[in-house]
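Given next are the chains, with one letter for each unit.
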Amino acid sequence: MGVTRREFIKTTAAAAAAASIGTTLLPGGVKPLFAENDMEWHKSVCRFCGVGCGVLIGVKNGKVAAIRGDKFNTINKGHLCVKGFYLHKIIYAKTRLTHPMIKKNGKFEKVSWDEALNFVAKKFNEIRKAHGPDALAFYGSGQAETEETYMANKLFKGCIGTNNMEGNPRLCMASAVGGYLTSFGLDEPAGTYEDIEQAEMFMLIGTNTAEAHPIVFERIVRHKMKNPNVKILIIDPRKTPTDQVADLHLFPKPGWDLAILHAMARIIIKEGYADEQFIKDNVVFKDNKKNLTYEQYKQFLEKFTPEYASKVSGVPVEDIVKAARMFGQAKTAMSMWTMGINQRTRGVWANNLITNLHLLTGKIGKPGCDSFSLTGQPNACGGVREGGGLCHLLPAHRVVKNPKHREEVAKVWGVPVSNIQPKPGKHTVAMFEALNKGEIKGIYIMCTNPAQSLPNASKYWKGLKEQFVVVAESFFPTATTKFADVVLPAAFWAEKEGVYGCTERRSQYMPKVLEPMGEARWDAFILRDLGIRMGFKKEFEKYKTAEDIWNEYISLTKGRDLDLSGATYRRLKKERGLRWPVPSEDHPGTYKRYVKGDPIFDELSEEKKKGRWIYFYGKPEGKAVVWARPDKGPEEPTDEEFPFALSTGRVLEHWHTLTMTGTVPELNRAVPKAYVEINPEDAKALGIANKDQVIVETRRGQLKIEARVINRPKKGTLFIPWHWEEWMANILTIDAFDPGSKEPEYKVCAARIRKA
Amino acid sequence: MAIAGVAILAKKEEIQNVYQRLEQIPEITTYGIHQEQYIVAVVETSPQQDLEKFLKKIQDNDPGILGIFPAYANFEDEVLGESLDELV
Ligand code: SF4
């Protein structure tokens, strides 16, 4: 008896789901119909978030017809969230941009690649000649591949000679970078996802893990269900689906959680939960101006009684005490955070104060312990942080102001060292301000949508309107392409090969399994060809393949903290990614930094280590810093005129500005429009009913939007998901930024709301 | 239309009830409870139904479900326009 294709697929689907939880379906349950002869499967990585799930792309008759979670990938072990599930639909979206266009007389006209690239090269060279290299800029993305960001870095910093090169990770991860650098001396976490299954306690702060990082959440839930003693503490102003598993939830007023973290540190020390030996061996204390002794730090903390923290944050005293004890009593603890911590004018400080708790209790460097920043975008860590795609960085955690770093990079790039300026360029907000002022006259925007994603967005449309704007994108139109003079069609996921580096220092290879749609081309080669046309033939003509670019990049990582020289394409094509440092082709990659098994630690002399099991080699004497930071609140606190604290964020079904998920009817219909969440008590007081149209207003703009009366935001707070152009939350958000990380405070501003 | 293999993570104490409720839904075929916390199931939606919306509704309506995690999704009839009811 034959089986139909439907039965065959159902069997395959059931078997794949069973395999994803490490089980097999017994005969009688499902017949072993597993050979999918007509489907070719390719190992890849999810295009969306920084979790970095492994996917298998099923190609049939030259089209992507199925997606499967990769059960051999240690991150997701076969599971995906719904976004990953719809990846293939995005490839075939109606809004794919398939040919280059130049705006002529206010209208986009289809042109050849030659015409488009010659035009951009000519305009950029004219601007550079007339106004100098700093009149040009590049704005990239944590969704671009490492090879793509590398090419942009070389073109702008090494050839054109401007450090005006930024990427949207400035808007999401810069405070985490600042936090790691100031606490440990080096960027990126010590631990990995492997710590999840070994942790006794999780502190999830400023993160809606269930919706923004679903597979990480699943791992936490699965672990807690197996081990009911595992405790989960949430610190977040909003109730979210993550609460399903919380043991304790602290709801601070948005932007007022620093005092809670200090109060927790104070209780931890006072009640004897601190690891005094760890502190003695591995920690120094500092405030914003000077070194402190441990005693001076304790003195500093005296102000932060639970009562004080309660008054500042609105969290009950007993909950603050409970939270501190929960952290202190657990043998192992992992903290995770995202934008609720990073997108703040004191994001770096907030990062430091989380890490303080780990350093005071010695809960770092051991299995199940880490201060672990969750990354928003799939390659913010790999391409932009590691690849050096920000205005002060060079590849492989180098900085432009270090002459040795400039020399090392210039040598590999084959450019005069004098081309690389020693002064950092303009960070994101400053860059778009300079565009408004006409100081920057030409910008190349790749794989991102700043006209919608910048804070206080409408303020920056002026510059985009007035200056020469090139947008390389896979989708059209977007809020940013409206302002473009030239749009260049970029190959999308699965139409190009390259590497993504995710949250846990893991670099993973993605193959090209399809030809790009229409005339779309790979971003790295668009930049290469533009470079050649701008006169940098010798610098760019040598790159024939993605591997050429990757090999050059990893040569720059040799001997650095993020040594990737053992992560060759040959290996990455076979393995499910490698976690750096991975200094040679026979090295397995590194589970934990700063301890035994980390090749950099292992190579330190015994004289240096002096018998210590952990050595923070990014800092003098290998000692990490516990920071005594002031407890500053948000830039724009609520007041009588604007009495609500407004926060913005994601929903599970959508990604950033909808350029991708907006093309999937299923996802669109699941959450078709924006809304503002308001607490039932506030709604009642203002006469607002569920689904009423309301006006949300801040000092920067107003938005007419549907109200969702729901017990999710704390009283006095509002929440708007920021994905839609039509209900653009970022015309409301504030563009004040952290003075250290330059990351804007998307997460808190003062607002008011009324019935429309 | 879509055929998806999913692992449904449910509260341990609720899992039997969740299983029974899922068995009543025509679009779902269940394949047992595993590791006390997962239900393996295949979801088949018709062209008029959105798989995503469908899964979301199931999760929202069942407090015993903690998460639904797709492991496999096949859309080949949509992408390639092929019938799935022919013998292979
Ligand atoms: S959790 Fe992130 S990486 Fe994993 S499938 Fe979902 S969107 Fe993709």
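Calculation notes
- Residues numbered from 1 in each chain as written.
- Chains lettered and ligands numbered in written order.
- Predicted model: local features only at pLDDT ≥ 70, side-chain atom pairs only at ≥ 80, totals over all residues.
- Heavy atoms only, no water.
- Helix = DSSP H or I, 4+ residues; strand = E, 2+ residues; numbered from the N terminus.
- Buried < 20%, exposed > 50% of the residue type's maximum accessible area, 1.4 Å probe, protein only.
- Contact = heavy atoms within 4.5 Å.
- Lys, Arg positive; Asp, Glu negative; His and termini not counted.
- Charge placed at Lys NZ, Arg CZ, Asp CG, Glu CD.
- Near = heavy atom within 4 Å.
- 1 Å grid on protein atoms, 1.4 Å probe; cavity = no way out; pocket = protein on both sides within 12 Å on 5 of 7 lines; lining within 4 Å.
- Sits in = over half its atoms within 2 Å of the grid points.
- Points joined across faces, edges and corners; volume = space filled by probe spheres on them.
- Nonpolar A, V, L, I, M, F, W, Y, C, P; charged D, E, K, R; others polar.
- Domains from an automatic or database assignment.
- Buried area = accessible area lost by both parts, 1.4 Å probe.
- Salt bridge = Lys/Arg side-chain N within 4 Å of Asp/Glu carboxyl O.
- Expected span 1.5 Å × (residues − 1).
- Phe/Tyr/Trp six-rings, centres within 6.5 Å; stacked < 30°, edge-to-face > 60°.
- Lys NZ or Arg CZ within 6 Å of the ring centre and 35° of its normal.
- Axes fitted to C-alpha atoms, helices over the stretch in contact; angles between N-to-C directions.
- Parallel < 35°, antiparallel > 145°, perpendicular 65-115°, else oblique.
- Left-handed = near helix turned anticlockwise from the far one by under 90°.
- Pairing = 2+ DSSP bridges.
- pLDDT = per-residue confidence, 0-100.
- Polar contact = N/O pair within 3.5 Å; in protein donor to acceptor, adjacent residues only side chain to side chain.

Asker: How do you make sense of the overall build of chain A when you look at a structure like this?
Answerer: Each helix and strand in chain A was counted, giving 28 helices and 29 strands. For chain A, the spread of C-alpha atoms along the principal axes amounts to about 75 × 70 × 70 Å. When each of the 756 residues of chain A is scored for burial, the buried share is 68%. Across chain A, the fraction of contacts at a sequence separation of at least 24, relative to all contacts at a separation of at least 6, is 73%. Across chain A, the 111 positively charged side chains and the 88 negatively charged ones have centroids separated by 1 Å.

Asker: Is there a simple way to think about the site of the ligand in this case?
Answerer: All names here are of chain A. Taken together, Cys46, Phe48, Cys49, Gly52, Cys53, Leu80, Cys81, Lys83, Gly84, Pro214 and Ile215 make up the full set of residues near the ligand. Applying the majority rule of atoms within 2 Å of the grid points places the ligand in the second largest cavity. Counting residues per element, the ones that place at least two in the shell around the ligand are helix H2 (82–85) and helix H8 (214–226).

Asker: I would appreciate a short explanation of empty space enclosed by the protein in the present structure.
Answerer: A water-sized probe, rolled over the atoms, reveals where empty space remains. Residue and element names in this part refer to chain A. What the rule picks out here adds up to four cavities of 30 Å³ or more. Together, Cys46, Phe48, Cys49, Val51, Cys53, Leu80, Cys81, Lys83, Gly84, His213, Pro214 and Ile215 line the second largest cavity. Secondary-structure elements contributing two or more residues to the lining of the second largest cavity are H2 and H8. Considering only residue class, the lining of the second largest cavity consists of nine nonpolar, two polar and one charged.

Asker: Could you clarify how one ought to interpret the domain arrangement of chain A in this entry?
Answerer: Accessible area lost during the coming together of the parts is what is often quoted as the interface size. Residues and elements named next belong to chain A. By domain assignment, chain A separates into domain 1 (101–172 + 379–558), domain 2 (174–373) and domain 3 (644–755). The straight-line distance from the C-alpha centre of domain 2 to that of domain 3 is 27 Å. With 26 residues of domain 2 in contact, the opposing surface of domain 3 contributes 22 residues. Per-residue buried area on domain 2 facing domain 3 is highest for Arg238, Gln343 and Thr345; these three make up 33% of the total on that side.

Asker: I would appreciate a short explanation of the interface of chain A and chain B in the present structure.
Answerer: Contacts between chain A and chain B engage 56 residues on the former and 44 residues on the latter. Of the roughly 4400 Å² buried between chain A and chain B on both sides combined, carbon and sulfur atoms contribute 63%. Three residues, A:Arg6, A:Phe85 and A:Met225, lead the burial of chain A against chain B; their summed loss comes to 17% of the area buried on that side. Linking chain A with chain B are one salt bridge.

Asker: Please explain helix H1 (residues 5–20) of chain A as it appears in this structure.
Answerer: Structurally, the α-helix is built with 3.6 residues per turn, so residues lying three or four positions apart point the same way. The terminal C-alpha atoms of H1(A) lie 22 Å apart, and with 16 residues this matches the ideal 22 Å at 1.5 Å per residue to within 8%. Within H1(A), 15 of the 16 residues are buried, leaving the element largely enclosed by the surrounding structure.

Asker: Mind showing me how you'd approach the environment of A:Phe48 here?
Answerer: Tracing the sequence through the fold places A:Phe48 in the loop between strand E1 (40–45) and strand E2 (54–60). Take A:Phe48: its relative accessible area is 1%, and that puts it in the buried class.

Asker: What is the right way to read the layout of surface pockets from this model?
Answerer: Residues and elements named next belong to chain A. By volume, the second largest pocket is sized at about 760 Å³. Looking at the second largest pocket, it is lined by 32 residues, and the ones nearest its centre are Val177, Leu181, His392, Leu393 and Val399. Elements with a contribution of two residues or more to the lining of the second largest pocket: helix H6 (174–184) and strand E16 (398–399). Here the lining of the second largest pocket takes five residues from H6, the largest share from any one element. Across the lining of the second largest pocket, the residue classes break down as 13 nonpolar, eleven polar and eight charged.

Asker: What should I look at first to understand the packing of aromatic side chains in this one?
Answerer: The description of an aromatic ring pair uses the distance of the two centres, along with the angle that the planes make with each other. Residues and elements named next belong to chain A. Counted according to the given criterion, the structure contains 30 aromatic pairs over all chains. Taken together, a centroid distance of 5.0 Å and an interplanar angle of 70 degrees make the contact between tyrosine 509 and tyrosine 569 edge-to-face. Here tyrosine 509, found in strand E21 (residues 506–510), pairs with tyrosine 569, found in helix H24 (residues 569–574); they are 60 residues apart in sequence, far enough to count as distant. For the residue pair tyrosine 509 and tyrosine 569, the accessibility class agrees, reading buried in each case. Taken together, the ring pairs in this structure connect Phe119, Phe124, Phe138, Phe156, Tyr444 and Phe468 into an aromatic cluster. The residue whose ring lies beneath lysine 253 is tryptophan 256, and the NZ or CZ to ring-centre distance is 5.8 Å. When the ring centre of tryptophan 349 is taken as origin, the NZ or CZ atom of arginine 346, which lies over that ring, is 3.8 Å away.

Asker: Would you mind showing me how to read the packing of helix H9 (residues 258–270) of chain A against helix H11 (residues 294–301) of chain A here?
Answerer: The description of two packed helices rests on the angle between their axes and on the distance between the axes. All names here are of chain A. Where H9 contacts H11, the two axes come as close as 9 Å, and the packing angle between them is 125 degrees. The angle between H9 and H11 places the two elements in the oblique class. As H9 runs across H11, the sense of the crossing is left-handed. Together, His262, Ala265, Arg266 and Ile269 of H9 and Tyr294, Tyr297, Lys298, Phe300 and Leu301 of H11 make up the contact between the two elements. Looking at side-chain class alone, the contact of H9 with H11 contains six nonpolar, one polar and two charged residues.

Asker: Could you clarify how one ought to interpret the packing of H9(A) against helix H15 (residues 347–361) of chain A in this entry?
Answerer: All names here are of chain A. Where H9 meets H15, the closest approach of the two axes is 9 Å, and the angle between their N-to-C directions is 10 degrees. Classified by the angle between their axes, H9 and H15 sit roughly parallel to one another. Note that H9 runs across H15; the crossing there is left-handed. Contacts from Leu258, Leu261, His262, Met264, Ala265, Ile268 and Ile269 in H9 reach Trp349, Ala350, Leu353, Ile354, Leu357, Leu360 and Thr361 in H15.

Asker: Whenever I open this one, unusual backbone geometry confuses me. Can you help?
Answerer: Note: most peptide bonds trans; most residues except glycine with negative phi. Residues and elements named next belong to chain A. The step from phenylalanine 476 to proline 477 runs through a cis peptide bond, and the omega angle for that step is 0 degrees. Among the structural elements, proline 477 can be located in the loop between strand E18 (468–473) and strand E19 (486–489). In this structure, proline 581 follows tryptophan 580 across a cis peptide bond, with omega equal to -5 degrees. Mapped onto the elements, proline 581 comes out in the loop between strand E22 (578–579) and helix H25 (599–603). Here asparagine 105, not a glycine, exhibits a phi torsion of approximately 50 degrees, which is positive. Inspection of the secondary structure assignment puts asparagine 105 in the loop between strand E4 (101–104) and strand E5 (107–110). Of note, histidine 397 is a non-glycine position whose phi angle comes to about 55 degrees, a positive value. If you trace the backbone, histidine 397 turns up in the loop between strand E15 (393–394) and E16.

Asker: I tried to follow the sheet that holds E22(A) on my own but got confused; where do I start?
Answerer: Strand pairing in a sheet relies on backbone hydrogen bonds. The paired strands run either parallel or antiparallel. Residues and elements named next belong to chain A. Taken in spatial order, the three strands line up as E20-E21-E22 in an open sheet, and their pairing is antiparallel. This sheet does not close on itself; its edge strands, each paired only once, are strand E20 (498–501) and E22. Bridge count between E21 and E22: two bridges; the pairing is antiparallel. The residue bridging arginine 506 from the neighbouring strand is arginine 579, located in E22.

Asker: Would you explain the confidence of the model for chain B in this entry?
Answerer: Do not read the fine detail of predicted coordinates wherever pLDDT is low. Residues and elements named next belong to chain B. Mean pLDDT over chain B works out to 83, with 85% of the residues at or above the 70 mark. The spread of mean pLDDT over the elements of chain B runs between helix H3 (residues 76–80), the lowest at 72, and helix H1 (residues 15–23), the highest at 92. Scored by ipTM, the complex comes to 0.94, with pTM at 0.89.

Asker: Hey, could you run me through the side chain of A:Arg505 in this one?
Answerer: Mapped onto the fold, A:Arg505 is located in the loop between E20 and E21. Engagement of the side chain of A:Arg505 in a polar contact is seen with the backbone oxygen of A:Pro189, the distance being 2.9 Å.

Asker: How should the pattern of salt bridges be read in this particular structure?
Answerer: Oppositely charged side chains may form a pair once their charged atoms are brought near each other. Residues and elements named next belong to chain A. Scanning all chains against the criterion turns up 55 salt bridges over all chains. Among the ionic pairs, glutamate 585 bridges to arginine 570, the shortest N-O distance being 2.9 Å. You can see glutamate 585 sitting in the loop between E22 and H25 and its partner arginine 570 sitting in helix H24, a full 15 residues away along the chain. Since its relative accessible area comes to 36%, glutamate 585 is described here as partly exposed. Its salt-bridge partner being arginine 712, residue glutamate 677 comes within 3.4 Å of it at the nearest N-O pair.

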